[in-house]
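A closer look at the structure
As a plain string of letters, each chain reads:
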Amino acid sequence: MKFMKLGSKPDSFQSEGDNVRYVSSELATDVIVIIGDVKFYLHKFPLLSKSARLQKLITTSTSSSNEENQIHHHEDEIEIAEIPGGPASFEICAKFCYGMTVTLNAYNVVAARCAAEFLEMYETVEKGNLVYKIEVFLNSSILQSWKDSIIVLQTTRALSPYSEEMKLTGRCLDSIASRASIDTSKVEWSYTYSKKKNLDNGMRKPQAVPRDWWVEDLCDLHIDLYKRAIATIEARGNVSADVIGEALHAYAIKRIPGFIKSSSVQITDFAKYRALADSIIELIPDEKRSVSSSFLTKLLRASIFLGCDEVTGLKNRVGERLDEANLGDVLLYDVELMQSLVEVFLRSRDPREDDLTAKASVAKLVDGYLAEKSRDSDNLSLQKFLSLAEMVSSFPRQSHDGVYRAIDMFLKEHPEMNKSEKKRICRLMDCRKLSAEACAHAVQNERLPMRVVVQVLFFEQVRANNNGSSSTGNSTPEVIPASRSTNTTDQEDTECWDTEDIKALRGELANLRLAKNQQENNNKGKLIKGGGLGVSRVFSKLWSGKERSGDMMSSSGTSSPGSVNDDSKSSSSTSKKH
């Protein structure tokens, strides 16, 4: 930190209690200057020689005393109701008048400058007066220093409007903006930068100055000054929008309580932080990629928590980039907000372009959101679950494991659901797109309707047979059950699958897997005989029973009982041969 010492005489100011300051001298004091609740017992001559304002005040005070025949008083008393910086800044000026040692630095220079201006300590009164010396110090040292300029700018707020009238605030802003806008290769001063650096074998590599080197140092500014600093930097046109976005992100993290984890923070002054959030929203550059999606989602969450009035624009920006959002950032959103964000996302897509990647990302986000929100059974009803899930049901997914996980979590937290409601929610899932791990979980899941379990088992059989036939050249039985839970009709209200048959089907499926594994290990080139035939028999029995009850319906048509029976006959004959 830069500093400047003025004067050479020892400091002889002393205190008597908290409200009395006096100069220790052989000469008796002859004037009392009252600043606020502090009395200064001083001598007229040093003050009159450097302050035009004190000259006028003392002259006026002396004239009044003479007119009232009070000349027997040894001391004149002057009360200054308001002086910038208060007693502390007046004491600096008084010491300068006495020629005592005074140290000026970034923390007190603005107060001293404003007080010197107030007391009219100009060159016209005496050469080398305080105003001139402080100006030299400001221009040659303080405003040439990055961190000192920021400290000085902070002090100007408490000294407004004096600091504004003397253009001290504007000069600090210009100094800060000029350095923030400079080419990074010319940055030679110290700055605060806590982001992770690259390490190589435990040794820190020499780092080029990052483009956002200045953002953390400005985070200490009050929002009013911060807004002006950002506006001044932007006006110079040398800093890109994404760096401005980084600055806003860093400021929000430091200044908005709970910006990262809002659930663990208690806020008492909502109005203060509401205004702060509104100001940050206002400062976001118009360029779409100027800030990260994560920053936008966190800012929206904080704005809603703080009760900000106008968040529509922010909602739109979050929704347009919903495919970039992280699950952790949106978990605190309620379902209604999440629905509105998906609506914004859909509106923002160009209908002439089928953005499969973005839609897949949003589908994955919604699936994860519903799975986590399902734990809150009080606030997530079946209708809300379905409304949000159906908005993305047509979005492409490589796997339906996320859909299954959300459905399973919801069924777990809502055991009171009836069979019709379970069927309705399970329609969201395509059993053909479940991974082997998800299938293994689903076939043991007692919360799922029996129809869904059978569909999962069937597609597991088809998958296993396809894997076997790919190595042996054999074809799989052409059995076509209902292809997707979404296509199942509501004509059945009761499950009529035989539990024993389901257990047998699961056992045969396990045998089929074991046979396939043994065949791969032995590398015989042929599928072990009998693998999967028991599965076909049980499927045949199940579908025959359902055919008799008239309940095997699907949107793709009723499964062919003839093909099932043919498979059953061939299975039986094959079994007899072996």
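About the criteria used
Residues numbered from 1 in each chain as written. Predicted model: local features only at pLDDT ≥ 70, side-chain atom pairs only at ≥ 80, totals over all residues. Heavy atoms only, no water. UniProt positions renumbered as here; feature names shortened; annotations may be inferred. Helix = DSSP H or I, 4+ residues; strand = E, 2+ residues; numbered from the N terminus. Buried < 20%, exposed > 50% of the residue type's maximum accessible area, 1.4 Å probe, protein only. Contact = heavy atoms within 4.5 Å. Areas by Shrake-Rupley, 256 points an atom, 1.4 Å probe, with all protein chains shown as cover. Salt bridge = Lys/Arg side-chain N within 4 Å of Asp/Glu carboxyl O. Pairing = 2+ DSSP bridges. Core = buried A, V, L, I, M, F, W, Y, C linked by side-chain atoms within 4.5 Å. Expected span 1.5 Å × (residues − 1). Phe/Tyr/Trp six-rings, centres within 6.5 Å; stacked < 30°, edge-to-face > 60°. Lys NZ or Arg CZ within 6 Å of the ring centre and 35° of its normal. Axes fitted to C-alpha atoms, helices over the stretch in contact; angles between N-to-C directions. Parallel < 35°, antiparallel > 145°, perpendicular 65-115°, else oblique. Left-handed = near helix turned anticlockwise from the far one by under 90°. Nonpolar A, V, L, I, M, F, W, Y, C, P; charged D, E, K, R; others polar.

- In the nomenclature of an unreviewed UniProt entry, the protein corresponds to Phototropic-responsive NPH3 family protein from the organism Arabidopsis arenosa.
- Quoted verbatim from the Pathway (unreviewed entry) field of the UniProt record, the comment on the protein reads "Protein modification; protein ubiquitination."

What about the overall build of the protein?
- Tallying secondary structure elements over the protein gives 24 helices and 9 strands in all.
- For the protein, buried positions account for 48% of its 578 residues.
- The contacts of the protein with a sequence gap of at least 6 include a subset with a gap of at least 24, amounting to 72%.
- If you sum the accessible surface of the protein, you get close to 29,300 Å²; carbon and sulfur atoms cover 48% of it.

Let's talk about the pattern of salt bridges
- Under the criterion given, the structure shown has 22 salt bridges.
- In this structure, glutamate 91 and arginine 21 form a salt bridge, with 2.3 Å as the shortest nitrogen-oxygen distance. One end of the pair, glutamate 91, is in helix α3 (residues 86-98); the other, arginine 21, is in strand β3 (residues 20-23), and 70 residues separate them in sequence.
- Assessed through its relative accessible area of 16%, arginine 21 is described here as buried.
- A salt bridge links arginine 228 to glutamate 164; the shortest N-O distance between them is 2.7 Å.

Focus: the side chain of threonine 297
- Relative to the helices and strands, threonine 297 resides in helix α12 (residues 293-306).
- Discounting residues that sit within four places of it in the chain, threonine 297 has contacts with Val318, Ala325, Asp329, Val330 and Tyr333.

Topic: the pairing of strand β6 (residues 76-80)
- Because side chains alternate across β6, one face comprises the buried residues Asp76, Ile78 and Ile80, and the other comprises Glu77 and Glu79, none of which is buried.
- In this sheet, β6 lies alongside strand β4 (residues 31-35) in parallel orientation, the contact comprising 5 bridges. Pairing of isoleucine 32 across the sheet is with glutamate 77, part of β6.

As for the nonpolar core
- In terms of nonpolar packing, the biggest core is built from 150 residues, with Leu42, Trp214, Tyr226, Ile256 and Ile425 touching the most fellow members.
- Setting aside anything within four residues of it in sequence, one finds isoleucine 425 in contact with Leu382, Phe385, Leu386, Ile407, Phe410, Leu411 and Met417.

Structural notes on the pairing of strand β1 (residues 3-6)
- Only one face of β1 is covered, namely the face carrying Met4 and Leu6; the face carrying Phe3 and Lys5 is uncovered.
- Pairing geometry for β1 and strand β7 (residues 102-105), over 4 bridges, is antiparallel. Each residue of the ladder has a partner; that of phenylalanine 3, found in β7, is asparagine 105.

What about helix α8 (residues 168-180)?
- Over its 13 residues, α8 runs 19 Å from end to end, which matches the ideal 18 Å to within 8%, given 1.5 Å per residue.
- Of the residues making up α8, those classed as buried are Leu168, Thr169, Cys172, Leu173, Ser175, Ile176, Ala177, Arg179 and Ala180.
- Here the buried face of α8 lies against α4 (109-118), α5 (130-140), α6 (146-156), α7 (162-165) and α9 (223-236).

Quick word on the packing of aromatic side chains
- Applying the stated criterion across every chain, the model contains 11 aromatic pairs.
- Taken together, a centroid distance of 5.1 Å and an interplanar angle of 65° make the contact between phenylalanine 40 and phenylalanine 90 edge-to-face. Here the residue phenylalanine 40 occupies a position in strand β5 (residues 38-42), and phenylalanine 90 occupies one in helix α3, the gap between them amounting to 50 residues.
- Its relative accessible area of 1% is what places phenylalanine 90 among the buried residues.
- Ring geometry for phenylalanine 270 and phenylalanine 305: centres 5.9 Å apart, planes at 50°, overall tilted. Of this pair, phenylalanine 270 sits in helix α11 (residues 270-283) while phenylalanine 305 is found in helix α12, placing the two residues 35 residues apart along the sequence.
- A relative accessible area of 28% places phenylalanine 270 in the partly exposed class.
- Grouped by ring-pair contacts, the aromatic residues Trp146, Trp189, Tyr191 and Trp213 constitute a single cluster.
- Above the face of the phenylalanine 96 ring, lysine 50 is positioned so that its terminal group lies 6.0 Å from the ring centre.
- Positioned above the aromatic ring of phenylalanine 118, the side-chain terminus of arginine 53 is 4.0 Å from the ring centre.

Here we look at the sheet that holds β6
- The mixed open sheet is built from 5 strands, whose spatial order is β2-β3-β5-β4-β6. Whereas interior strands pair on both sides, the edge strands pair on one side only; in this sheet they are β2 (13-15) and β6. Neighbour to neighbour, the strand axes of the sheet diverge by 20° on average, direction disregarded.
- Looking at chain direction, β3 and β5 are connected through 3 bridges and run parallel. Each bridged residue has a counterpart across the sheet, and for arginine 21 the counterpart in β5 is phenylalanine 40.
- Contacts between α3 and the sheet are confined to β2, β3, β4 and β5, with β5 contributing the most and set at about 5° to the helix.

Observations regarding α6
- The buried fraction of α6 is high, at 9 of 11 residues.
- Here α6 has its buried residues at Trp146, Asp148, Ser149, Ile150, Ile151, Val152, Leu153, Thr155 and Thr156.
- Looking at the buried side of α6, the elements it contacts are α4, α7, α8 and α9.

Notes on unusual backbone geometry
- Residues serine 160 and proline 161 are joined by a peptide bond in cis, for which omega reads 10°.
- Despite not being glycine, glutamate 120 has its phi angle at roughly 60°, a positive value.
- Looking at where glutamate 120 falls in the secondary structure, it is placed in the loop between α4 and α5.
- One non-glycine residue, lysine 167, lies in positive phi territory at about 60°.

A word on the packing of α4 against α5
- Contact geometry of α4 with α5 gives a least axis separation of 9 Å together with a crossing angle of 150°. The orientation of α4 relative to α5 falls into the category roughly antiparallel. Here α4 and α5 pass one another in a crossing that is left-handed. Taking contact as the criterion, the partners of Val109, Ala112, Arg113, Ala116 and Glu117 in α4 are, on α5, Leu130, Val131, Ile134, Glu135, Phe137 and Leu138.
- A class-by-class count of the residues in the contact of α4 with α5 yields 8 nonpolar, no polar and 3 charged.

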